[in-house]
Amino acid sequence: MTPKHAYLIIAHHEPQVLDTLLAALDDVRNDIFLHVDRRSAALRARMEEYRPVRAGFCLLPAPLELYWGDLSLVEAEFLLLEAAVAKGTYAYYHLLSGVDLPLKSQDYIHDFFRRHAGCEFVGFWQSAAHRRELDKRVSRYFFFTKALRPKGTLRHALATPLCNLLLIGQKLLGIRRRKEMEFRKGPQWFSVTHAFCLYLLSRKAFVLKRFAHTLCPDELFVQSVLWNSPFRAKLYDEADADRGCMRLIDWERGTPYVWQAADFGELALSDKLFARKFSSAEPGLLERVAYGLCGCSGEKG
């Protein structure tokens, strides 16, 4: 029997988009593992009532509070990977956010990964600007990361100047963190094999220690561990970040851009398997993607 796929989802808002995503993944060949931010009580209560028609489903019982740019996101990814591995062996482990959607049917996606079995789908940002930003992130200690977002809050107003002051102090004093490996940077979202999943889990202690006090470590740890491992030879595409992870993400029009109804043609013509990000403000687009591209049947759990 062909191994199933594990979908690992991190969510904290947008229940309508999450409902659409879960419907698109509701396939007998999939198991879904969902982490809902501990502060999102209403969404969690909603998900406690969710019952898929075909897929396996696990709502992580002890969720974390998640913060942009913080190690908590890395910890959540490890929780999801550990929950999946504890249940079984999967052909691929796909990390998605709760505002992502597939752009292809499950038949197409499973056939794609069957044809490219053994490849690792992790994206790498290789531009000079990204490399400069990467060096800053891994060379200095970043403090107060839990308070750097959202902007406009008192926490942000207090934390940002303190963080910047400490960075300036480190630079003046010549404090640089030791570089234990060749670090790399890319999109947080990935599709990886069982073998690499186990390898990444074996590096958990190192990751949590080294990437503490690092800004946005969720964009660094998978790329860095993989780049310095034998799995680098299995990368699907190390030159093109979007193709490398087979995600359609537009960083030119947003941070990232939220897809609009007028973009359906672009989404439909894309060769990528998943896209982010979507909003409940565009319910018509959600429906067109779900039924026009993903082949949802409309059955409810």
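Draft legend 1. Highlighting the environment of Leu220. With respect to the helices and strands, Leu220 occurs in the loop between helix 8 (204-210) and helix 9 (221-227). C-alpha separation for the pair Leu220 and Arg184, spaced 36 residues apart in sequence, amounts to 5.9 Å. Leu220 has contacts with Leu134, Arg137, Val138, Arg184, Lys185, Phe211, Thr214 and Leu215, leaving out every residue within four places of it along the chain.

Draft legend 2. How the structure looks around the sheet that holds strand 8 (residues 274-276). Spatially, 5-8-7 is the arrangement adopted by the 3 strands of the open sheet, whose pairing is mixed. The strands lining the two open edges of the sheet, one partner per strand, are strand 5 (100-102) and strand 7 (247-249). If you compare each strand with its neighbour and ignore which way they point, the axes differ by 25 degrees on average. In this sheet, strand 8 lies alongside strand 7 in parallel orientation, the contact comprising 3 bridges. Each residue of the ladder has a partner; that of Ile249, found in strand 8, is Arg276.

Draft legend 3. Focus on the packing of helix 1 (residues 15-25) against helix 12 (residues 283-293). At their nearest, the axes of helix 1 and helix 12 sit 10 Å apart, and the two run at 5 degrees to each other. Taken together, the axis directions place helix 1 and helix 12 in an arrangement best described as roughly parallel. Contacts from Gln16, Val17 and Thr20 of helix 1 reach helix 12 at Pro283, Leu286 and Ala290.

Draft legend 4. Spatial organisation of the nonpolar core. By size, the foremost hydrophobic cluster in this structure holds 45 residues, and its most contacted members are Leu18, Met47, Leu267, Phe278 and Val289. At 6 residues, helix 1 tops the list of elements feeding residues into this core. Excluding residues within four positions of it along the chain, Leu18 makes contact with Ile9, Ala11, Leu34, Leu43, Met47 and Gly98. Core analysis: the second largest hydrophobic core is formed by 42 residues, Ile10, Leu60, Leu80 and Tyr93 among them.

Draft legend 5. A look at the sheet that holds strand 6 (residues 191-193). Taken together, the 5 strands give an open sheet; going across it, the order is 3-2-1-4-6, and neighbouring strands pair in mixed fashion. At either margin of the open sheet sits one strand with a lone partner, and together these are strand 3 (56-59) and strand 6. The average undirected angle you get between the axes of adjacent strands in this sheet is 20 degrees. Here strand 2 (residues 30-36) runs beside strand 3; their pairing, made up of 4 bridges, is parallel. Directly across from Phe33, in strand 3, lies its bridge partner Cys58. Taken strand by strand, helix 3 (residues 71-87) contacts strand 1 (5-11), strand 2, strand 3 and strand 4 (92-97), and its axis lies near 150 degrees from that of strand 2.

Draft legend 6. Expanded view of the side chain of Asp27. Here Asp27 shows up in the loop between helix 1 and strand 2. With relative accessibility at 11%, the residue Asp27 sits in the buried group. Of note is the side chain of Asp27, whose polar atom sits 2.8 Å from the backbone nitrogen of Arg29. Look past the residues within four positions of Asp27 in its chain and what remains in contact with it is Arg54, Ala55 and Gln106.

The rules behind these values
- Residues numbered from 1 in each chain as written.
- Predicted model: local features only at pLDDT ≥ 70, side-chain atom pairs only at ≥ 80, totals over all residues.
- Heavy atoms only, no water.
- Helix = DSSP H or I, 4+ residues; strand = E, 2+ residues; numbered from the N terminus.
- Contact = heavy atoms within 4.5 Å.
- Pairing = 2+ DSSP bridges.
- Axes fitted to C-alpha atoms, helices over the stretch in contact; angles between N-to-C directions.
- Parallel < 35°, antiparallel > 145°, perpendicular 65-115°, else oblique.
- Core = buried A, V, L, I, M, F, W, Y, C linked by side-chain atoms within 4.5 Å.
- Buried < 20%, exposed > 50% of the residue type's maximum accessible area, 1.4 Å probe, protein only.
- Polar contact = N/O pair within 3.5 Å; in protein donor to acceptor, adjacent residues only side chain to side chain.

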